[in-house]
Amino acid sequence: MNGLEPLLLNILFLIVFLLFIPILYELHAHKFSTKTKKLIYLLSSVLAIISCISFPITIMNGYLFDLRLVALTIGGLYGGIPVAILLTLVTVAFRFMIGGSGAFATVIVVTILLIILSGFTAYFSESSLKRKVLIGSCLSVLALIIALVNSTIIFGASFSNLFILIHIVLTLSISSLIIYLYEVFQDNLVISKRIIKAEKMEVVSHLASSVSHEVRNPLTVVRGFLQLMQQQDIPLDQREKFLAISISEIDRANDIIRNYLTFAKPSPENNEEINVKEEVEAIIEIITPLANMNGVEIVKQIDHFMIYGEKQMFQQCLINITKNCIEAMPEKGKLVIKTKSEENGLVLVISDNGKGMTEEQLSRLGEPYFTTKGREGTGLGMLTVIKIIELLNGKLNVTSKVNEGTNFYIHLPISESPKTL
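Note that this is a predicted model, so its numbers are computed, not measured.

J.: Mind showing me how you'd approach the nonpolar core here?
T.: The tendency in soluble globular proteins is for nonpolar side chains to be buried side by side. Grouped together as the largest cluster of nonpolar side chains are 55 residues, with contacts concentrated most on Leu 14, Leu 18, Phe 65, Leu 67, Leu 69, Leu 87 and Ile 174. Elements represented by at least two residues in this core include exactly α1 (5-27), α2 (34-54), β2 (63-65), α3 (68-79), α4 (81-98), α5 (102-118), α7 (129-153) and α8 (161-229). Considering every element that reaches this core, the biggest residue donor is α1, with 10 residues. Apart from residues lying up to four places away in sequence, Ile 174 is in contact with Ile 11, Leu 14, Ile 15 and Val 70.

In structure tokens, the structure reads:
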């Protein structure tokens, strides 16, 4: 194998093992422990190094050139000194397995690179995106230059100017690209999590006001009956009746508070089977105080379906949509929540007969900071909903007409055959 073909294969290996695999892991990081994370990164770097060495450019008999130093540099910077040491040992061991005089050259180069990496790993982890790209690409190119000088002076290898130029350009480019894309993905992932948390806190604050309003009703009833019971001429059976009603109202207030706290309390990320019927009914209990404040009637027609995902996120999705629907009906209305079966999945339909949206507003639904609520909205609610539905491997369709209402169609894959309860 000659020319650029081995280097292009090396680039493919670096992209797959140092970029795609870590990104796939980050998307499902909640399933794994921190030790597993480090192990996955270590194995990915090891595979990248072995793959690069396996498809080299042969300079002379027993002397090979490839992009293994890029994998060693990036893996060491992200993994820290222990990972850098392990990767160095793997590089040397595998190179000696192949044989040739270049194996001894590898020992010299990777040892020097390990010493350099040990002084940069801590600084690299705390650096900004630009500095990380600069540090990673410069160290990769420096390692290549050390390898070229070592090969020329000590081992007598010769390289054309074109070969050196191509090798430096490819090393610089692929190092910068991998670090940049990985860091951008990490930043977007962090921002997405912050948006979901921020929207959750906003919803919690809105629900808190409606819950406090709803809790006052049973407390007012209890207070009234207790005042009546202070009168001396009330019959015993009447007192018992008043007492039973008071206890019932206190229990109702307790249920409202418990449902609110269940939603507000954070839970660890954990994918599991979710009973759609149970979750929808639980969310209906949570939003009922807000619906009562707006005079909204809630109509449900929910069948039993099981889906797979994170329960807390699914609850957040339903809360955001139903809250928007209720707020779109400030002067009475009807909120309809129902499920329908479709091929390989279900459709969860949430509808209101509120003020609706124009075609322009509907086309912008889900844009960051776009809202139809004026100063009261942040524009993050639907963005959060769309993100959560994507994480559930679902799809959202929305239809709306001005002064007629809005319909949300959430298509989700099911994990069991549906059965009506």
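J.: Looking at this model, I keep getting lost on the packing of α2 against α3. Mind explaining?
T.: Each pair of packed helices can be summarised by the angle the axes make with each other and by the distance between the axes. Between α2 and α3, whose axes approach to 8 Å, the crossing angle comes to 170°. The orientation of α2 with respect to α3, classified from their angle, is roughly antiparallel. Contacts between α2 and α3 involve Ser 45, Ala 48, Ile 49, Cys 52 and Ile 53 from the former and Arg 68, Ala 71, Leu 72 and Gly 75 from the latter. The class makeup of the residues in the contact of α2 with α3 is six nonpolar, two polar and one charged.

J.: Quick question: what am I supposed to make of the side chain of Asn 275 here?
T.: By secondary structure assignment, the location of Asn 275 is in strand β3 (residues 271-275). Here the side chain of Asn 275 touches Lys 277 through a polar contact of 3.1 Å, landing on its backbone nitrogen. Ignoring anything within four residues of it in the chain, the contact list for Asn 275 reads His 304, Phe 305 and Met 306.

J.: What is the right way to read the environment of Met 60 from this model?
T.: Inspection of the secondary structure puts Met 60 in strand β1 (residues 57-60). Between the C-alpha atom of Met 60 and that of Ala 157, which follows or precedes it by 97 residues, the distance is 7.4 Å. Once you skip the residues sitting within four places of it in the chain, Met 60 turns out to touch Phe 155 and Ala 157.

J.: I tried to follow the pattern of salt bridges on my own but got confused; where do I start?
T.: When the charged atoms of two side chains with opposite charge come close together, those side chains can pair. Enumeration according to the criterion identifies six salt bridges in this entry. Here Asp 66 ties to Arg 68 by a salt bridge, and the two come within 2.7 Å at their closest N and O atoms. One exposure class covers both Asp 66 and Arg 68, and it is buried. Between Glu 327 and Lys 323 there is a salt bridge, and its shortest N-O distance comes to 3.0 Å. A residue pair is termed a helical-turn pair when its members lie 3 or 4 positions apart in one helix, as Glu 327 and Lys 323 do in helix α11 (residues 311-327) at four residues. Ionic contacts of the salt-bridge type, sharing partners, join the residues Lys 277, Glu 281 and Lys 300 into one network.

J.: Explain the sheet that holds strand β9 (residues 405-413) here, please?
T.: Whenever strands of a sheet pair, they do so through backbone hydrogen bonds, lying parallel or antiparallel. Pairing is mixed in the open sheet, where five strands are placed in the order β4-β6-β7-β9-β8. The sheet is open, and its two edges are formed by β4 (296-301) and β8 (395-401), each paired on a single side. Within the sheet, the average angular offset between the axes of one strand and its neighbour, ignoring direction, is 15°. Note that β4 and strand β6 (residues 333-342) share six bridges and pair parallel.

J.: How should the environment of Cys 138 be read in this particular structure?
T.: Relative to the elements of secondary structure, Cys 138 occurs in helix α7. Exposure remark for Cys 138: the relative accessible area of 42% places this residue in the partly exposed category. Sequence spacing of Cys 138 and Thr 171 is 33 residues, and the spatial spacing of their C-alpha atoms is 9.4 Å.

J.: Looking at this structure, how should I read the packing of α1 against α2?
T.: Remark: α1 packs on α2, axes separated minimally by 8 Å, with the N-to-C direction vectors making an angle of 170°. It follows that α1 is roughly antiparallel to α2 by the angle criterion. Taking contact as the criterion, the partners of Asn 10, Phe 13, Leu 14, Phe 17, Leu 18, Ile 21, Pro 22, Tyr 25 and Glu 26 in α1 are, on α2, Lys 37, Ile 40, Tyr 41, Ser 44, Ser 45, Leu 47, Ala 48, Ser 51 and Cys 52. Its residues assigned to classes, the contact of α1 with α2 shows 12 nonpolar, four polar and two charged.

J.: What is the right way to read the packing of aromatic side chains from this model?
T.: For any pair of aromatic rings, the description consists of the separation of the ring centres together with the inter-plane angle of the planes. As enumerated under the stated definition, the model contains eight aromatic pairs in all. Ring geometry for Phe 13 against Phe 55: centres 5.5 Å apart, planes inclined by 40°, an arrangement best described as tilted. Of the two residues, Phe 13 is situated in helix α1 and Phe 55 in the loop between α2 and β1; the sequence distance between them amounts to 42 residues. Its relative accessible area of 34% is what places Phe 55 among the partly exposed residues. Relative to Phe 159, the ring of Phe 65 has its centre 5.0 Å away and its plane inclined at 70°; by these criteria the two rings are edge-to-face. Remark: Phe 159 occurs in the loop between α7 and α8 and Phe 65 occurs in strand β2; sequence separation between them is 94 residues. Just as Phe 65 is buried, Phe 159 falls in that class too. An aromatic cluster of at least three residues, connected via ring pairs, comprises Phe 65, Phe 159 and Phe 163. When the ring centre of Phe 124 is taken as origin, the NZ or CZ atom of Lys 132, which lies over that ring, is 5.6 Å away.

Rules used in this analysis
Residues numbered from 1 in each chain as written. Predicted model: local features only at pLDDT ≥ 70, side-chain atom pairs only at ≥ 80, totals over all residues. Heavy atoms only, no water. Core = buried A, V, L, I, M, F, W, Y, C linked by side-chain atoms within 4.5 Å. Buried < 20%, exposed > 50% of the residue type's maximum accessible area, 1.4 Å probe, protein only. Helix = DSSP H or I, 4+ residues; strand = E, 2+ residues; numbered from the N terminus. Contact = heavy atoms within 4.5 Å. Axes fitted to C-alpha atoms, helices over the stretch in contact; angles between N-to-C directions. Parallel < 35°, antiparallel > 145°, perpendicular 65-115°, else oblique. Nonpolar A, V, L, I, M, F, W, Y, C, P; charged D, E, K, R; others polar. Polar contact = N/O pair within 3.5 Å; in protein donor to acceptor, adjacent residues only side chain to side chain. Salt bridge = Lys/Arg side-chain N within 4 Å of Asp/Glu carboxyl O. Pairing = 2+ DSSP bridges. Phe/Tyr/Trp six-rings, centres within 6.5 Å; stacked < 30°, edge-to-face > 60°. Lys NZ or Arg CZ within 6 Å of the ring centre and 35° of its normal.

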